[in-house]
Amino acid sequence: MIVLKTSRELALMKEACRISAGALKVAGEAVRPGISTWEIDKIAYDYIKSQGAEPNFLGLYGFPATACISINDEVIHGIPSKTRILKSGDIVSIDLGAKKGGYNGDNAATFACGDVSDEAKRLMDTTRDSLYEAIKFAVPGGRIGDIAHAVQSFCEERGYGVVREYTGHGVGKELHEDPSVPNYGTAGRGVRLLAGMTLAIEPMINQGTARIKVLPDGWTVKTLDGKLSAHFEHTVAITKDGPVILTKV
Ligand code: MG
């Protein structure tokens, strides 16, 4: 069931999303050679708590941390660890959210650790740009397929693989609500977009094959060919005046 948010609810969403964006910012600023992913997770946790909010990934479906931190060929859902130490050249995807006032925010970004390759930069830039392309289509009267097609065409034209098995989603009182927001599809098809919808749009883009595998830890998703992957996400409100990015810092 798709829940349309009232203006009162959107104001609450905005606050949860502001905190989510702030936590992603401080976590991203902590990315540097020598730091563990556990330490980054702790920084995000402390920030969210300092804002009177709750980390909404922690405990969800049994996930053990505040942030999913996924390095290089890890696509999503990497588990922070004291033994995962970042080194120069890594690309680091951080996905996290905060809940406050009964509503959720959700956002992600991929950060460069030290000096990264031109290929890695191009993948990160393309993934980020595809998110902003897709957001342009988050308007009343459009379709979910417009968003999906925008990501897919933008990334595939540049030679990248678009992950199929995981998608964006509605977000509100629940972190994961309807509808599903895939990163591949046909323009003009799918759920009709209405003012009051709040969507987490989140391209997961691979340097090589789109195919992925899940590690035995049951969480970490990796590219099948071991090439790099990037992930960017915003929570976006569809309004009569157009898309509003709620997780803007
Ligand atoms: Mg999400």
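This structure is a prediction, so every number in the text was calculated from the model and none was measured. (Residues numbered from 1 in each chain as written. Predicted model: local features only at pLDDT ≥ 70, side-chain atom pairs only at ≥ 80, totals over all residues. Heavy atoms only, no water.)

Trainee: Honestly, the overall build of the protein in this entry has me stumped. Any pointers?
Mentor: A count of helical and extended segments in the protein gives four helices and 17 strands. The C-alpha radius of gyration of the protein comes to 17 Å, within 12% of the 18 Å expected for a compact globule of 249 residues. Seen through its C-alpha atoms, the protein measures out along the principal axes to roughly 45 × 45 × 30 Å. A total of 249 residues make up the protein; the buried ones form 53% of that total. (Helix = DSSP H or I, 4+ residues; strand = E, 2+ residues; numbered from the N terminus. Rg over C-alpha atoms; globule rule 2.2 N^0.38 Å. Buried < 20%, exposed > 50% of the residue type's maximum accessible area, 1.4 Å probe, protein only.)

Trainee: Looking at this model, I keep getting lost on the packing of aromatic side chains. Mind explaining?
Mentor: Two measures describe an aromatic ring pair: the distance that separates the ring centres and the angle between the ring planes. All told, the structure shown has one aromatic pair when counted by the stated rule. Judged by centre distance (5.0 Å) and plane angle (80°), the rings of Phe 63 and Trp 219 are edge-to-face. One end of the pair, Phe 63, is in the loop between β1 (54-55) and β2 (67-71); the other, Trp 219, is in the loop between β13 (212-214) and β14 (221-223), with 156 residues separating them in the sequence. You'll find Phe 63 and Trp 219 in the same group, each marked buried. The side chain of Lys 82 reaches across the aromatic face of Trp 38, ending 4.4 Å from its centre. (Phe/Tyr/Trp six-rings, centres within 6.5 Å; stacked < 30°, edge-to-face > 60°. Lys NZ or Arg CZ within 6 Å of the ring centre and 35° of its normal.)

Trainee: Can you walk me through the coordination of the magnesium ion in this structure?
Mentor: When four donors bind a metal tetrahedrally, each ideal donor-metal-donor angle is 109.5 degrees, and when six bind octahedrally, the ideal angles are 90 or 180 degrees. For the magnesium ion, every protein donor is listed as Asp 106 (OD), His 169 (NE2), Glu 202 (OE) and Glu 233 (OE), and the spread of their distances is 2.1 to 2.3 Å. Each donor residue of the magnesium ion belongs to the same chain, with the gaps between them written as D-x62-H-x32-E-x30-E. Here His 169, found in strand β9 (residues 168-170), pairs with Glu 233, found in the loop between β15 (229-231) and β16 (234-239); they are 64 residues apart in sequence, far enough to count as distant. Each member of the pair His 169 and Glu 233 is classed as buried. (Donors = N, O, S within 2.8 Å, 3.2 Å for Na, K, Ca; no water.)

Trainee: Would you take a moment to explain the pairing of strand β10 (residues 177-181) for this structure?
Mentor: For a regular strand, the rule is simple: side chains alternate between the two faces of the sheet. Of the strand pairs in this sheet, β9 and β10 are connected by three bridges, and their pairing is antiparallel. The residue bridging Gly 168 from the neighbouring strand is Val 181, located in β10. From the end of β9 to the start of β10, which pair antiparallel, there are six residues. (Pairing = 2+ DSSP bridges.)

Trainee: Would you take a moment to explain the sheet that holds strand β6 (residues 103-104) for this structure?
Mentor: On the basis of which strands lie adjacent, the open sheet formed by three strands has the order β1-β5-β6 and antiparallel pairing. Each edge of the open sheet carries a strand with a single partner, namely β1 and β6. Across two bridges, the pairing between β1 and strand β5 (residues 98-100) is antiparallel. Each residue of the ladder has a partner; that of Glu 54, found in β5, is Lys 99.

Trainee: Is there a simple way to think about the pattern of salt bridges in this case?
Mentor: Counted under the stated rule, the structure contains 15 salt bridges. Taking the shortest distance from any N to any O, the salt bridge between Glu 15 and Arg 18 comes out at 3.0 Å. Separated by three residues within a single helix, Glu 15 and Arg 18 lie in helix α1 (residues 7-29), roughly one turn from each other. For Glu 15, a relative accessible area of 27% puts it in the partly exposed group. Close ionic contact of Lys 121 with Asp 118 constitutes a salt bridge, the shortest N to O distance being 4.0 Å. Here Lys 121 pairs with Asp 118, and both are found in helix α3 (residues 118-135), just three residues apart, close to one helical turn. (Salt bridge = Lys/Arg side-chain N within 4 Å of Asp/Glu carboxyl O.)

Trainee: Sorry, what's going on with the nonpolar core here?
Mentor: What tends to happen in soluble globular proteins is that the nonpolar side chains get buried as a cluster. Counting residues in each nonpolar core, the largest one holds 50 residues, and the members touching the most others are Ile 40, Leu 86, Ile 94, Leu 96, Ile 147, Leu 199 and Ile 201. Residue assignment for this core shows that the elements contributing at least two residues are α1, α2 (37-50), β2, β4 (91-96), α3, α4 (144-157), β11 (198-201) and β16. If sequence neighbours within four positions are ignored, Ile 201 has contacts with Leu 131, Ala 134, Ile 135, Ala 138, Ile 147, Val 181, Phe 232, Glu 233, His 234 and Val 236. (Core = buried A, V, L, I, M, F, W, Y, C linked by side-chain atoms within 4.5 Å. Contact = heavy atoms within 4.5 Å.)

Trainee: Help me understand the sheet that holds strand β3 (residues 74-76), please; the structure alone is not making it clear to me.
Mentor: Picture the strands of a sheet paired through backbone hydrogen bonds; they go either parallel or antiparallel. One open sheet holds the three strands; their spatial order is β3-β14-β13, and the pairing between them is antiparallel. Lying at the two open borders of the sheet, with one neighbouring strand each, are β3 and β13. With direction set aside, neighbouring strand axes in the sheet form an average angle of 40°. In this structure, β13 lies alongside β14, joined through three bridges in antiparallel fashion. Each residue of the ladder has a partner; that of Ile 212, found in β14, is Thr 223. (Axes fitted to C-alpha atoms, helices over the stretch in contact; angles between N-to-C directions.)

Trainee: Just checking my understanding: could you explain unusual backbone geometry for this structure?
Mentor: Most peptide bonds are trans, and most residues other than glycine sit at a negative phi. With an omega dihedral of 0°, the bond running from Asp 178 to Pro 179 counts as a cis peptide bond. Mapped onto the fold, Pro 179 is located in strand β10. Not every positive phi belongs to a glycine, and Asn 72 is a case in point at roughly 55°. Look at Asn 72 and you get buried, because its relative accessible area is 18%.

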